[in-house]
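# Descriptive analysis of the structure
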Amino acid sequence: MSMISPDAEIEITGYQWVPPFARGFVRDLRPRWACEEAGIRYRERLADVTDKPDWLLEAQPWGQVPVLRDGDIVLFESGATLLHLGRKSETLLPGDPQRNAEAISWLFGAFNSVEPWLFEWVNVTAFARDEEWARLRRPSLEEFIAKRLAPLERLLGGQNWLGETFTIADIAMVTVLRAIGGSDLLSPHPATQAYVARGEARPAFRQAMADQLAVFDRHEPPEPQGE
């Protein structure tokens, strides 16, 4: 059951529409997923990605999503929203000090040690793929990504999640790794590939994804009429 509730205390900002290539990868998916895992109700606030409103720019310096409001508290950056929600539920962030520290470490690891390289790979292979510098950069970048994935492969070869249980760290890492899910980069790392599939199979992930995609469907612009 969806945790979206118009009168919820927590508000998550997302975009009302994005182009097809971005669907399923907009980062408000992360706090949506966390809320679904922990049974935390939230309401949506939607912004136009092509004409960002003043209220979004005031809350987020770059006009990006998500922004999370919890009463008088306002946060931006998906990692910050996950940490905030994690503090509300041991379903998301263990109470044991060491397990808590491990989850937070992996949360930052996903965003600092893995995601920047995958983001660069998407740029090299998609947005800048016709540029000469991108073609030259790709081989060394893919070698480096393989080295970044190797520790994950060793760890996930012996356990289902980054820690003893599923946490906000797994929400972070799974959503980061999904960026290369349709490529060959994960093929040499079967345990990591299976880890991503386990995350995507969780009912909370499926609900969060369905709710995000439903927003885009509701605000799909009409196709231009032929002359």
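In the block above lies the structure referred to throughout.
Everything quoted here is computed from the prediction, not taken from an experiment.

Taken as a whole, this structure holds 1 cavity of 30 Å³ or more when the rule is applied. Computed from the structure, the largest cavity encloses a volume of approximately 70 Å³. Taken together, Pro 94, Arg 99, Glu 102, Ala 103, Trp 106, Leu 162, Gly 163, Glu 164, Thr 165, Thr 167 and Ala 169 make up the full set of residues lining the largest cavity. Grouping the amino acids of the lining of the largest cavity by side-chain chemistry returns 5 nonpolar, 3 polar and 3 charged.

It is worth spelling out the sheet that holds strand 4 (residues 73-76) at this point. Pairing is mixed across the open sheet formed by 4 strands, whose spatial order is 2-1-3-4. Only two strands of the sheet have a single neighbouring strand rather than two, namely strand 2 (42-47) and strand 4. The average undirected angle you get between the axes of adjacent strands in this sheet is 20 degrees. Where strand 1 (residues 10-15) and strand 2 come together, 6 bridges link them in parallel fashion. Along strand 2, the bridge assignment pairs Gly 14 with Leu 46. Helix 1 (residues 29-38) contacts strand 1, strand 2 and strand 3 (67-70) of the sheet and is inclined by roughly 165 degrees relative to strand 2. Those strands touched by helix 8 (residues 203-218) are strand 1 and strand 2, and its axis lies near 40 degrees from that of strand 2.

Attention now goes to the layout of surface pockets. Reported here for the largest pocket is a volume of approximately 950 Å³. Residue lining of the largest pocket: 33 residues in total, with Ala 22, Phe 25, Val 26, Arg 27 and Phe 119 positioned closest to the centre. Those elements giving two or more residues to the lining of the largest pocket turn out to be helix 1, helix 4 (97-127) and helix 6 (168-177). The greatest single-element share of the lining of the largest pocket, amounting to 9 residues, is contributed by helix 4. Of the residues contributing to the lining of the largest pocket, the split by class is 19 nonpolar, 7 polar and 7 charged. Here the lining of the largest pocket gathers at least three residues from each of two domains, domain 1 (10-91 + 205-218) and domain 2 (97-202). Computed from the structure, the second largest pocket encloses a volume of approximately 260 Å³.

Basis of the calculations
Residues numbered from 1 in each chain as written. Predicted model: local features only at pLDDT ≥ 70, side-chain atom pairs only at ≥ 80, totals over all residues. Heavy atoms only, no water. 1 Å grid on protein atoms, 1.4 Å probe; cavity = no way out; pocket = protein on both sides within 12 Å on 5 of 7 lines; lining within 4 Å. Points joined across faces, edges and corners; volume = space filled by probe spheres on them. Nonpolar A, V, L, I, M, F, W, Y, C, P; charged D, E, K, R; others polar. Pairing = 2+ DSSP bridges. Helix = DSSP H or I, 4+ residues; strand = E, 2+ residues; numbered from the N terminus. Axes fitted to C-alpha atoms, helices over the stretch in contact; angles between N-to-C directions. Contact = heavy atoms within 4.5 Å. Domains from an automatic or database assignment.

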